[in-house]
Amino acid sequence: MSTSNGIYGQTYDRYVERYDDSTLSRMQCHYWTTKQTFLRKLKRKEDDCVVASDAELDAKLELLRSIDESCQNLLLVLEAYQDRICGLAHEEAAAGRFLKECAKLDKTRAGKMMAASGKTLSYSAQQRIQLRNPLVRLYQEVETFQYRAVADTMLTVDKMESARTAYRAALLWMKDVSQQLDPDTYKQLEKFRKVQSHVRKTKVRFDRIKLDTLQKIDLLSASRCNMYSHALVGYQNSSLQFWEKSSKTMSAVADSFKGYQYYE
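Residues numbered from 1 in each chain as written. Predicted model: local features only at pLDDT ≥ 70, side-chain atom pairs only at ≥ 80, totals over all residues. Heavy atoms only, no water.

Caption draft 1: Just the nonpolar core, in detail. Core analysis: the largest hydrophobic core is formed by 34 residues, its most contacted members being Phe145 and Met160. Counting residues per element, the ones that place at least two in this core are helix H4 (55–105), helix H6 (132–179) and helix H7 (186–256). The element contributing the most residues to this core is H6, with 13 residues. Every residue in contact with Met160, bar those within four places of it in the chain, is listed here: Leu57, Leu61, Phe206, Ile209, Lys210 and Thr213. (Core = buried A, V, L, I, M, F, W, Y, C linked by side-chain atoms within 4.5 Å. Buried < 20%, exposed > 50% of the residue type's maximum accessible area, 1.4 Å probe, protein only. Helix = DSSP H or I, 4+ residues; strand = E, 2+ residues; numbered from the N terminus. Contact = heavy atoms within 4.5 Å.)

The following block contains the structure:
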């Protein structure tokens, strides 16, 4: 079918795509976008084919939510862990001072044991507090990842969701128009082609930003693995050193008092 200007098929579609900027069309776009947003808020069932086409995207978004949630939880755990380390080191140091003070009043072999044990606890407290340094670095790494990399990906997701809403709204609009379509009525066919052109534009935009979103989430996931692999090495090494030094010191104290006759 031709228009009064003699424009056919795809040429006509391009004509519509270029010049269809009327106030009425914009109002209709806003109406269907608002309706789609409202239906989504109500969690109304959508077309199975449309939902299935976004299965990979939705799976990636679930991965992103898991990354975001795990980072937030890890920051809270690291804060609590640092507090516990400081508290335990403080109690160890206090116990060490107490034993050394008691040893000054006891000149027996028990006093020597208390003095040695007190020194060991004080040494252990000094070594334990050093575990905070790699934990602080780990916290900073996770915090930077959370508030930069994850936040940046979330901005892309917001743009993608806006494009997805616009695309699905356009599909709703086209479905509504197609149900009223009479091929023999020129105005209805013209309206259908305009809506069809709008659907194509929204799909192109959605597909482009959908690909960006998928790539960003994959990169984010890989970056998180690399970040943990790098940041946890320092804590692992410090932890091993702490336990080796503490174990060696306490074993030496225990060996020095073997055969000691306990009080009854």
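Caption draft 2: Region of the structure containing helix H5 (residues 109–129). For H5, built from 21 residues, the straight-helix expectation of 30 Å at 1.5 Å per residue is met to within 8% by its first-to-last C-alpha distance of 31 Å. Among the residues making up H5, those that are buried are Ala110, Gly111, Gly118, Thr120, Ser122, Ser124, Ala125, Gln127 and Arg128. (Expected span 1.5 Å × (residues − 1).)

Caption draft 3: The packing of aromatic side chains, seen in detail. Per the stated rule, a full pass over the model turns up 3 aromatic pairs. Each ring, one from Phe242 and one from Trp243, has its centre 4.8 Å from the other, and the planes form 65°; the classification is edge-to-face. (Phe/Tyr/Trp six-rings, centres within 6.5 Å; stacked < 30°, edge-to-face > 60°.)

Caption draft 4: Focus on the pattern of salt bridges. Per the counting criterion, the structure on display carries 8 salt bridges. Residue Asp58 pairs with Arg164 through a salt bridge whose shortest N-O separation is 3.0 Å. In this pair, Asp58 sits in helix H4 while Arg164 sits in helix H6, placing the two residues 106 residues apart along the sequence. Between Arg65 and Glu62 there is a salt bridge, and its shortest N-O distance comes to 3.0 Å. Of this pair, Arg65 and Glu62 both sit in helix H4, 3 residues apart, roughly one helical turn. A cluster of three or more residues bridged by salt bridges with shared partners is formed by Asp58, Glu161 and Arg164. (Salt bridge = Lys/Arg side-chain N within 4 Å of Asp/Glu carboxyl O.)

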